[in-house]
Amino acid sequence: MFLRRQSLIIFPLYTQSHQITPLIQNPRNRIGSKPVESMALSSSPALTLTLTLTLAVTVCLVGGNSEGDTLYTLRRSLSDPDNVLESWDPTLVNPCTWFHVTCNQDNRVTRVDLGNSNLSGHLVPELGKLEYLQYLELYKNNIQGTIPVELGNLRSLISLDLYYNNISGIIPASLGKLKSLVFLRLNDNQFTGQIPRELVGISSLKVIDISSNNLCGTIPTTGSFEHIPLNNFENNPRLEGPELLGLASYDSNC
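Rules and cut-offs
- Residues numbered from 1 in each chain as written.
- Predicted model: local features only at pLDDT ≥ 70, side-chain atom pairs only at ≥ 80, totals over all residues.
- Heavy atoms only, no water.
- Helix = DSSP H or I, 4+ residues; strand = E, 2+ residues; numbered from the N terminus.
- Buried < 20%, exposed > 50% of the residue type's maximum accessible area, 1.4 Å probe, protein only.
- Contact = heavy atoms within 4.5 Å.
- Pairing = 2+ DSSP bridges.
- Axes fitted to C-alpha atoms, helices over the stretch in contact; angles between N-to-C directions.
- Polar contact = N/O pair within 3.5 Å; in protein donor to acceptor, adjacent residues only side chain to side chain.
- Disulfide = S-S within 2.5 Å.
- Phe/Tyr/Trp six-rings, centres within 6.5 Å; stacked < 30°, edge-to-face > 60°.
- Lys NZ or Arg CZ within 6 Å of the ring centre and 35° of its normal.

> Would you explain the overall build of the chain in this entry?
From N to C terminus, the chain includes 1 helix and 17 strands. Each of the 254 residues in the chain was classed as buried or not, and the buried ones make up 41%. The long-range fraction of contacts in the chain, counting pairs at least 24 apart against all pairs at least 6 apart in sequence, stands at 51%.

So this is what it looks like as structure tokens:
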């Protein structure tokens, strides 16, 4: 984890007797005639509130730091000739002041908007740690490599837009775990293999576009695929068309 410019003051916690006990309990350390350890501070509502707020802020900042590290890992994996990511400074407390990053009221990352930014490079598995991420927009760049299976951990994700890149490999079956997903646009890449049947079970999925790839097999016709227009699957030379249940083999031409 990167060092931060802002430090935190960690207050001691209450014991079960609701007293704060000094860290050094030496009878010889005295103020006046009383030993130090006997001068425990009694609890008060104001002090309790202070400690609670401090601990809450500490947890929030630690989360923010972790997400900043994750996004900085992505930055390091990308070539950025137009300096779009120049504001992504890992020494800040959290990434919420970075351009192209949006956070919620708790300073947790909810959007990464880097579409049409002239970026090249590859995606990183650390992206799967952004548990509050709702929108991952990286369309119209020159992203290469594969989709990390860890993206299936983004349980809050609503939109995954990776269209018009140069991403290859299979579409990970782990994306079927994205039960909040509404938009999945992977068209105009170099994907191969079959359409994962795990995607059929995403009831929230309304838009799927995987046209202009090199997918094979048949097109699902149930679940979330039931109302997807066929032109969202076109320009996949090895894709045979809608599957006829009981008549077409799932592994056909793959």
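> Please clarify how the sheet that holds strand S15 (residues 207–209) should be interpreted in this entry.
Within a sheet, adjacent strands bond to each other through the backbone by hydrogen bonds, running parallel or antiparallel. As summarised here, the arrangement of the 6 strands in space is S6-S7-S9-S11-S13-S15, forming an open sheet in which the pairing is mixed. With partners counted over all chains shown, the strands left at the sheet margins are strand S6 (101–103) and S15, one partner each. Mean inter-strand twist for the sheet, computed between neighbouring axes without regard to direction, equals 10°. Bridge count between strand S13 (residues 183–185) and S15: 3 bridges; the pairing is parallel. Among the inter-strand pairings, Arg185 is bridged to a residue of S15, identified as Asp209.

> Hey, could you run me through the side chain of Ser224 in this one?
With respect to the element layout, Ser224 can be found in the loop between strand S16 (214–219) and strand S17 (238–242). We classify Ser224 as buried; its relative accessible area is 10%. Here Leu199 takes part through its backbone oxygen, which lies 2.9 Å from a polar atom of the side chain of Ser224. Excluding anything up to four places from it in sequence, Ser224 contacts Leu199, Val200, Ile202, Leu205 and Ile208.

> Please clarify how the state of the cysteines should be interpreted in this entry.
Each disulfide consists of one covalent bond between the sulfur atoms belonging to two cysteines. Tallying each qualifying case throughout the model produces 2 disulfides. The disulfide partner of Cys96 is Cys103, and the S-S distance across this bridge is 2.2 Å. When the S-S torsion is -95°, as for the bridge of Cys96 with Cys103, the disulfide is left-handed. Residue classification places Cys96 among the partly exposed positions, given a relative accessible area of 22%. The residue that forms a disulfide with Cys216 is Cys254, at a sulfur-sulfur distance of 2.0 Å. The sign of the 110° torsion about the S-S bond sets the Cys216-Cys254 disulfide as right-handed. In this pair, Cys216 is assigned in strand S16 and Cys254 in the segment after S17, connecting sequence segments 38 residues apart. Take Cys216: its relative accessible area is 3%, and that puts it in the buried class. Once the bonded cysteines of the chain are numbered in order along the sequence, the disulfide links fall as 1-2, 3-4.

> Quick question: what am I supposed to make of the packing of aromatic side chains here?
Describing an aromatic ring pair means giving the distance of the ring centres and the angle of the ring planes. Inspection of the entire model under this criterion finds 4 aromatic pairs. Relative to Phe233, the ring of Phe225 lies with its centre 6.0 Å away and its plane at 25°, an arrangement referred to as stacked. The class for Phe225 is buried, based on a relative accessible area of 3%. In this structure, Arg111 packs its charged tip against the face of Tyr135, placed 4.2 Å from the ring centre. The lysine or arginine in question, Lys140, covers the ring of Tyr164, its NZ or CZ lying 6.0 Å from the ring centre.

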